[in-house]
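Structural overview
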Amino acid sequence: MVFLFMTRASEPASRAQQRLRRIEGRHNALVKDLRQAFVRAERTEDGNCAIEGLRIVEEATRSGLRFRAVFFKESAQNLAERLLPQIGANVDTLLLPDKLFDATVPSETPQGVAALVRLKEFSLADVLERLQVGPIIVLAGLQDPGNLGTILRSAEAFGSAGVVLGEGTVSPFNSKVIRASSGSIFRLPVVIAKTAGGLEEISAKLRAQSVRLIATSSHKGTPIDQAKLTGPTAVFVGSEGSGLPRAVLAQADELVAIPHAQQVESLNAGVAGSIVLYEAARQRRGEQFQTNSLAIRIRASL
């Protein structure tokens, strides 16, 4: 019985090892695609995005993304035994020498697994259909990848119809953005403004759908806990340094601010965006509680 148990336990590892195709040179087409996707922080010609790290790759499988290829570092072959049972048999699975793998991925201390995956694509119409989930977050000139990743993570955690990335905003395909989002970018609708006509046209489309446009400010404006963040709403968040462009501010229906100590010049965009999303979620819960309480009182009076 012991012998049978050991044989069965070793079988998955054997199948995983058999799927690995060893690549020695950096000129392999898939290796080149992976390296260029990381360097350019953009999708490959066939629409795939580069991701790296055990947790991120597992999040991609959990989110139902389609894999083009998975790359393992030779010294981290054990990860193949854990990941490959979750990945379709038609996906290319490559084994790279440590030196080649380390030269291909951007991390200083690589975990030993990377992949090319196809992210889900969304339109502004897809985002508008989700307005009941929470506010649309519109980012203008947000350049720090960590802040964008944080906002994406908070948008999924607290509820958001989706995120629109305006001109000058860091690419969502940047590996630091993907890592900071902890996989939220795989599930949350994200729209790049320039593919939908730019921020001005998007603002006009939002207004045509009776969506309130709210701009955030570091000091001036209605305190956020006094602003109405329920209903169809789009919240605009600007860059860490200069804030929102004047053209965006001129289109806003309301300007809101997060009260904080005067000696602090401003909050970073990731923190500010997360606070706005939490406050919007708090207000929605409050409205739902009032609605439920009223329904109970009405039924009780019948």
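The written sequence of each chain sets the order in which its residues are numbered from 1. Only residues with pLDDT of at least 70 are given local features in this predicted model, and only at 80 or more are side-chain atom pairs given and counted; all residues enter the totals for whole chains, interfaces and linings. Only heavy atoms go into the side-chain values, all of them from the structure, while hydrogens and water stay out.

Brief notes about the overall build of the chain
As a reminder, the rule being used: Note on conventions: DSSP H or I runs of at least 4 residues are helices, E runs of at least 2 residues are strands, and numbering of each starts at the N terminus. Contacts are residue-level and defined by heavy atoms, with any inter-residue pair within 4.5 Å sufficient. Where accessible areas are quoted, they stem from the Shrake-Rupley method and a 1.4 Å probe; at the residue level, only the protein chains shown are allowed to cover. We count Lys and Arg on the positive side and Asp and Glu on the negative side, and we leave His and both chain ends out. Charge placement uses NZ in Lys and CZ in Arg. For Asp and Glu, CG and CD serve respectively.
In terms of helices and strands, the chain carries 11 helices and 12 strands. Along the first, second and third principal axes, the C-alpha atoms of the chain reach 70 × 55 × 40 Å. In the chain, of all internal contacts separated by at least 6 residues, the share reaching a separation of at least 24 is 78%. Split by element, the accessible area of the chain, about 15,600 Å² in all, is 52% carbon and sulfur. Counting 36 positive and 30 negative side-chain charges, the chain places the centres of these two groups 3 Å from one another.

Overview of the sheet that holds strand 6 (residues 136–139)
To keep it simple, the criterion reads: We treat two strands as partners when DSSP finds at least two bridges between them.
Reading across from one edge, 8-7-6-11-9-12-10 is the order of the seven strands in this open sheet, with parallel pairing throughout. At either end of the open sheet lies a strand with only one pairing partner, and these are strand 8 (190–192) and strand 10 (222–223). Strand direction decides the pairing type here: strand 6 and strand 11 (residues 233–237), joined by four bridges, are parallel. The residue bridging Ile136 from the neighbouring strand is Ala234, located in strand 11.

Thoughts on the side chain of Glu279
How we decide: Summary of the burial criterion: residues with accessible area below 20% of their type's maximum are buried, those above 50% are exposed, and those between are partly exposed, where the area comes from a 1.4 Å probe applied to protein chains only.
In this structure, Glu279 sits in helix 11 (residues 269–301). Owing to a relative accessible area of 7%, Glu279 belongs among the buried residues under this scheme. Those residues in contact with Glu279 that lie beyond four places of it in its chain are Ile224, Asp225 and Leu229.

Regarding helix 3 (residues 54–62)
For helix 3, the full list of buried residues reads Leu54, Ile56, Val57, Glu59, Ala60 and Thr61. Contacts made by the buried residues of helix 3 are with strand 2 (49–52), strand 3 (66–73), helix 4 (78–83), strand 5 (113–118) and helix 8 (175–181). Once helix 3 ends, the next one or two residues include Gly64, with phi positive near 75°.

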